Amino acid sequence: MIEVKCLASGSTGNAYAIDDGESVLLLEAGIPAKKILSGFLPLLPRVAGCLITHEHGDHSDGAAGLASRGIDLYATVGTFAGISGIDRPYRKHVVRAGEQFRLGSWMVLPFETKHDAAEPCGYLIYSYTAREKLLFATDTYYIPNSFNGLNIVMVECNYSLPLLNESIASGRIPESMKPRLLRSHFGLEYVKNFILVNNMSTVRHIYLLHLSGNNSDARLFKQEIQRVAGKPVTVF
Ligand SMILES: [Zn+2]
Ligand SMILES: [Zn+2]
């Protein structure tokens with residue numbers, strides 16, 4: 001079985017690891033490399049690489065540090081163009097949406113996401129060892145693909161529309177932020193819809209990622225998604 005671990009989630013930084021018992025993939029490097037390396041210390045000998053979805057700092061700030069500590073990075077060419085300070089170019093492995101590749105005990109298929117970044121992507125990841133399929137999708141306002149046979153879903157649940165409107169009404173966030181948010185992040189209503197249009201029968205666990213500090217409610221999101229999907233939900 002794939003095990004999912006999280007060191008950080010949200011706009012201040014993202015760092016996850018998935019472990020199938022044979023090798024480990026790091027997902028995102030959005031906190032200082034030091035923290036990633038110490039937080040995932042027991043896993044390090046089995047890390048096959050780190051997959052990065054896009055260049056925003058909350059996903060890539062630790063990337064250069066990981067590369068200099070010997071960890072291979074995987075990202076699109078557009079994403080790499082936006083990450084500075086990687087002084088070990090041979091640690092960079094360019095991926096393309098629609099082109100799957102083997103990494104450790106995993107098969108990885110990048111797919112396009114919709115976000116205000118150069119060339120963002122999500123990852124559909126299969127473990128040969130665990131024989132499980134995991135979806136990793138964050139920082140996207142829309143997921144065009146549909147997926148079959150998923151066992152684990154890691155998906156952004158940034159905001160809910162009523163909570164976002166409340167935040168604006170109370171002055172916690174400026175109205176001008178709303179259009180950007182709606183065109184860059186995945187909200188509760190979209191996660192629900194995504195669950196309804198995809199076959200969830202084989203899913204055993206759903207992880208909600210990247211909750212907004214102002215416009216989210218972890219308890220409510222967990223309840224709602226659990227109700228709609230009929231699956232256990234963990235909020236990171
Ligand atoms: Zn982000
Ligand atoms: Zn972003």
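Please refer to the structure placed before this passage.
Owing to the predicted nature of the structure, the values given are computational and were not obtained by experimental measurement. (Residues numbered from 1 in each chain as written. Chains lettered and ligands numbered in written order. Predicted model: local features only at pLDDT ≥ 70, side-chain atom pairs only at ≥ 80, totals over all residues. Heavy atoms only, no water.)

Draft legend 1. How the structure looks around the coordination of the zinc ion (ligand 1). The coordination sphere of the zinc ion (ligand 1), as far as protein atoms go, consists of Asp 58 (OD), His 59 (NE2), Asp 139 (OD) and His 210 (NE2), spread over 2.1 to 2.2 Å. For the zinc ion (ligand 1), the 4 donor atoms in the first shell make angles of 89 to 163 degrees at the metal, a pattern classed as irregular. In primary sequence terms, the donor set of the zinc ion (ligand 1) follows D-H-x79-D-x70-H. Between the zinc ion (ligand 1) and the zinc ion (ligand 2), the interatomic distance is 3.5 Å, and Asp 139 donates to each metal, bridging them. In this pair, Asp 58 sits in helix 2 (residues 57-60) while His 210 sits in the loop between strand 12 (205-209) and helix 8 (218-229), placing the two residues 152 residues apart along the sequence. (Donors = N, O, S within 2.8 Å, 3.2 Å for Na, K, Ca; no water. Tetrahedral: all angles 85-135°; square planar, octahedral: opposite > 155°, others 65-115°. Helix = DSSP H or I, 4+ residues; strand = E, 2+ residues; numbered from the N terminus.)

Draft legend 2. Fine view of the state of the cysteines. Under the criterion given, the structure shown has 0 disulfides. Its sulfur unpaired, Cys 6 is 13 Å from the next cysteine sulfur, which belongs to Cys 50. This cysteine, Cys 157, is not joined by any disulfide, and Cys 6 carries the nearest cysteine sulfur, 14 Å off. Note on Cys 157: relative accessible area 0%, which makes it buried. (Disulfide = S-S within 2.5 Å. Buried < 20%, exposed > 50% of the residue type's maximum accessible area, 1.4 Å probe, protein only.)

Draft legend 3. Region of interest: the pairing of strand 3 (residues 24-27). The alternating pattern of strand 3 places Val 24 and Leu 26 on one face and Leu 25 and Leu 27 on the opposite face, and all of these are buried. Of the strand pairs in this sheet, strand 2 (residues 15-19) and strand 3 are connected by 4 bridges, and their pairing is antiparallel. Residue pairing in the sheet places Ile 18 in a bridge with Leu 25 of strand 3. Hairpin remark: strand 2 followed by strand 3, antiparallel, with 4 residues in the connecting loop; positive phi at Gly 21, about 95 degrees. Relative to strand 4 (residues 47-51), strand 3 is paired through 4 bridges, and the arrangement is parallel. For Leu 26, the partnering residue across the bridge sits in strand 4 and is Cys 50. Each parallel crossover has a hand, and the one from strand 3 via helix 1 (residues 33-39) to strand 4 is right-handed. (Pairing = 2+ DSSP bridges. Right-handed = clockwise from strand over helix to strand, strands pointing away.)

Draft legend 4. Just the coordination of the zinc ion (ligand 2), in detail. For the zinc ion (ligand 2), the full set of protein donor atoms is His 54 (NE2), His 56 (ND1), His 115 (NE2) and Asp 139 (OD), and the range of their distances to it is 2.1 to 2.5 Å. Given 4 donor atoms and angles of 90 to 176 degrees at the metal, the environment of the zinc ion (ligand 2) is assigned as irregular. As a motif over one chain, the donors of the zinc ion (ligand 2) read H-x1-H-x58-H-x23-D.

Draft legend 5. Inspection of the sheet that holds strand 1 (residues 3-8) at higher detail. If you trace the 6 strands from one edge of the open sheet to the other, you get 1-2-3-4-5-6, paired in mixed fashion. Each edge of the open sheet carries a strand with a single partner, namely strand 1 and strand 6 (92-94). Averaged over all pairs of adjacent strands, the angle between strand axes in this sheet comes to 25 degrees, irrespective of strand direction. Summarising the sheet, strand 1 and strand 2 pair through 5 bridges and their orientation is antiparallel. In the sheet register, Glu 3 faces strand 2, and the bridge partner there is Asp 19. (Axes fitted to C-alpha atoms, helices over the stretch in contact; angles between N-to-C directions.)

Draft legend 6. Looking closely at the environment of Asp 19. Mapped onto the elements of the fold, Asp 19 is located in strand 2. Residue classification places Asp 19 among the buried residues on the basis of a relative accessible area of 7%. C-alpha separation for the pair Asp 19 and Ile 173, spaced 154 residues apart in sequence, amounts to 38 Å. Non-local contacts of Asp 19, meaning those with residues more than four positions away in its chain, are made with Met 1, Ile 2, Glu 3, Val 24, Leu 43, Arg 46 and Trp 106. From its side chain, Asp 19 meets the backbone nitrogen of Gly 21 in a polar contact 2.8 Å long. In this structure the side chain of Asp 19 is engaged in a polar contact, spanning 2.8 Å, whose partner is the side chain of Arg 46. (Contact = heavy atoms within 4.5 Å. Polar contact = N/O pair within 3.5 Å; in protein donor to acceptor, adjacent residues only side chain to side chain.)

Draft legend 7. Structural detail: the sheet that holds strand 13 (residues 233-235). Spatially, the 7 strands line up as an open sheet ordered 7-8-9-10-11-12-13, and their pairing is mixed. Every interior strand has two partners, whereas the edge strands, strand 7 (101-103) and strand 13, have only one. Neighbouring strand axes in the sheet, compared pairwise and without regard to direction, differ in orientation by 20 degrees on average. Bridge analysis of strand 10 (residues 132-137) against strand 11 (residues 152-156) gives 4 bridges, and the strand direction is parallel. In the strand pairing of strand 11, Leu 134 is matched with Ile 152.

Draft legend 8. Highlighting unusual backbone geometry. If you check the backbone angles, Arg 131 has positive phi at about 50 degrees while not being a glycine. With respect to the element layout, Arg 131 can be found in the loop between strand 9 (121-127) and strand 10. The exposure class assigned to Arg 131 is exposed, which follows from its relative accessible area of 66%. One non-glycine residue, Asp 139, lies in positive phi territory at about 55 degrees. As for its placement among the helices and strands, Asp 139 is situated in the loop between strand 10 and strand 11.

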